[in-house]
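What the coordinates show
Chain residues, written in single-letter form:
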Amino acid sequence: MEGKVVFTVFRHDPSAGARPRYVSYEVPYRSGMTVLDGLLYIKERIDHTLAIRYSCRMGICGSCGVKVNGLPRLACFTQVSELGRSIKVEPLPNHPLVRDLVTDFSTFFAKHKSVKPWLIRKDVEEQENPTGQYLQSDAELERYIQFSYCISCGLCYSACPVVTALPEFPGPQALAWLYRFYVDSRDHGGRERLEILDRATGIWRCHFAGSCSQVCPKGVDPALAIQLLRRALIRG
Ligand code: FES
């Protein structure tokens, strides 16, 4: 693939009062180019005012999520060669807009924190003065390992139609994290964890669209975690 790629980018500064618009930029293609590379070319060579967020450039930090040709994706993890010569880039839905392609993750991370994404232990003294290790078998690790691959990029949250319709819904990322700790053999959270999500705007509102699992760049399956949590709740 040679020549130029046209990036059509959403531009809007809510604090400036101007209307949202789409601006097209021509970017020279080079082999191995990612969507983030294209956006950085625009920012460095064409328009310095373009607001984007990124850090690691290698699919680890989860900060470069945007909507690419209609689907939530990591900009640094998406090859231009997969997309052709015309690429539309927009901010992630379900996260309030800050400016251009940058969105506010405050609510997302507040929901993440609400599910207590840490080990809850009853042996407080051992926590304060450790004397040993908490060993796990392969089978115990297998129960949660895929859910621990989450990088909190917010793509699943932006793809969730329930979050769109019901902003109080915790969202697939928070629920997958809750499950990750609920099934960890070292965790003593048990019923306390389940009660966090057994409410009117909680886990029962998921209607299993499955879009969360489709867009995850790390192969995590939040829709599965939600179904397994429902089973745990029903079994009591
Ligand atoms: S810049 Fe870190 S995941 Fe893309």
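Notes on the structure in this doc start here. (Residues numbered from 1 in each chain as written. Predicted model: local features only at pLDDT ≥ 70, side-chain atom pairs only at ≥ 80, totals over all residues. Heavy atoms only, no water.)

Our next topic: helix 1 (residues 35–46). For helix 1, built from 12 residues, the straight-helix expectation of 16 Å at 1.5 Å per residue is met to within 8% by its first-to-last C-alpha distance of 16 Å. Those residues of helix 1 that fall on the buried side of the exposure criterion are Val 35, Leu 36, Gly 38, Leu 39, Leu 40 and Ile 42. (Helix = DSSP H or I, 4+ residues; strand = E, 2+ residues; numbered from the N terminus. Expected span 1.5 Å × (residues − 1). Buried < 20%, exposed > 50% of the residue type's maximum accessible area, 1.4 Å probe, protein only.)

Here the focus is the nonpolar core. In terms of nonpolar packing, the biggest core is built from 63 residues, with Phe 7 and Leu 39 touching the most fellow members. The dominant element in this core, judged by the number of residues it contributes, is helix 7 (residues 172–182), at 7 residues. Not counting chain neighbours up to four residues away, the residues in contact with Phe 7 comprise Val 23, Ser 24, Tyr 25, Val 27, Met 33, Val 35, Gly 38, Leu 39, Ile 42, Val 80, Ile 87 and Val 89. (Core = buried A, V, L, I, M, F, W, Y, C linked by side-chain atoms within 4.5 Å. Contact = heavy atoms within 4.5 Å.)

On strand 4 (residues 71–74), burial follows the alternation: Pro 72 and Leu 74 on one face are buried, whereas Leu 71 and Arg 73 on the facing-out side are not. With 4 bridges connecting them, strand 3 (residues 65–68) and strand 4 associate as antiparallel partners. When the sheet's bridge partners are listed, Val 66 is paired in strand 4 with Arg 73. Between the end of strand 3 and the start of strand 4, which pair antiparallel, lie 2 residues, with Asn 69 showing a positive phi angle near 45°. (Pairing = 2+ DSSP bridges.)

Moving on, we come to the state of the cysteines. In this structure the tally under the stated criterion is 0 disulfides. The thiol of Cys 216 is not disulfide-bonded; the next cysteine sulfur, from Cys 153, is found 6.2 Å away. (Disulfide = S-S within 2.5 Å.)

As a further point, take the packing of aromatic side chains. Between two aromatic rings, the relevant description is the distance of the centres plus the angle of the planes. Under the counting rule described, the total for this entry stands at 7 aromatic pairs. Here the aromatic rings of Phe 108 and Phe 109 are separated by 5.1 Å at their centres, their planes lie at 70°, and the arrangement is edge-to-face. Relative accessible area serves as the criterion here: at 1%, Phe 108 is assigned to the buried category. Taken together, the ring pairs connect Phe 105, Phe 108, Phe 109 and Tyr 157 into an aromatic cluster. (Phe/Tyr/Trp six-rings, centres within 6.5 Å; stacked < 30°, edge-to-face > 60°.)

Position of Ser 63 relative to the elements: it lies in the loop between helix 1 and strand 3. A distance of 3.3 Å separates the side chain of Ser 63 from the backbone nitrogen of Ser 55, its partner in a polar contact. (Polar contact = N/O pair within 3.5 Å; in protein donor to acceptor, adjacent residues only side chain to side chain.)

What follows deals with the sheet that holds strand 4. Spatially, the 5 strands line up as an open sheet ordered 2-1-5-3-4, and their pairing is mixed. Looking along the sheet, the strands with just one partner apiece sit at the ends: strand 2 (21–28) and strand 4. Averaged over neighbouring strand pairs, the angle between their axes works out to 35° when direction is ignored. (Axes fitted to C-alpha atoms, helices over the stretch in contact; angles between N-to-C directions.)

Attention shifts here to the packing of helix 2 (residues 106–114) against helix 7. The packing of two helices is summarised by the inter-axis angle and the distance between the axes. Between helix 2 and helix 7, whose axes approach to 8 Å, the crossing angle comes to 20°. When the axis of helix 2 is compared with that of helix 7, the two are roughly parallel. Like other packed secondary-structure pairs, helix 2 and helix 7 cross with a definite hand, here right-handed. Within the contact between the two elements, helix 2 uses Phe 108, Lys 111 and His 112 and helix 7 uses Gln 173, Ala 174 and Trp 177. (Parallel < 35°, antiparallel > 145°, perpendicular 65-115°, else oblique. Left-handed = near helix turned anticlockwise from the far one by under 90°.)

With that out of the way, let us pick up the environment of Glu 126. Relative to the assigned elements, Glu 126 resides in helix 3 (residues 124–128). With 63 residues separating them along the chain, Glu 126 and Gly 189 place their C-alpha atoms 17 Å apart. Discounting chain neighbours no more than four positions away, the residues touching Glu 126 are Thr 131, Gly 132 and Tyr 134. Reaching out from Glu 126, the side chain makes a polar contact with the backbone nitrogen of Thr 131 at a distance of 2.7 Å.

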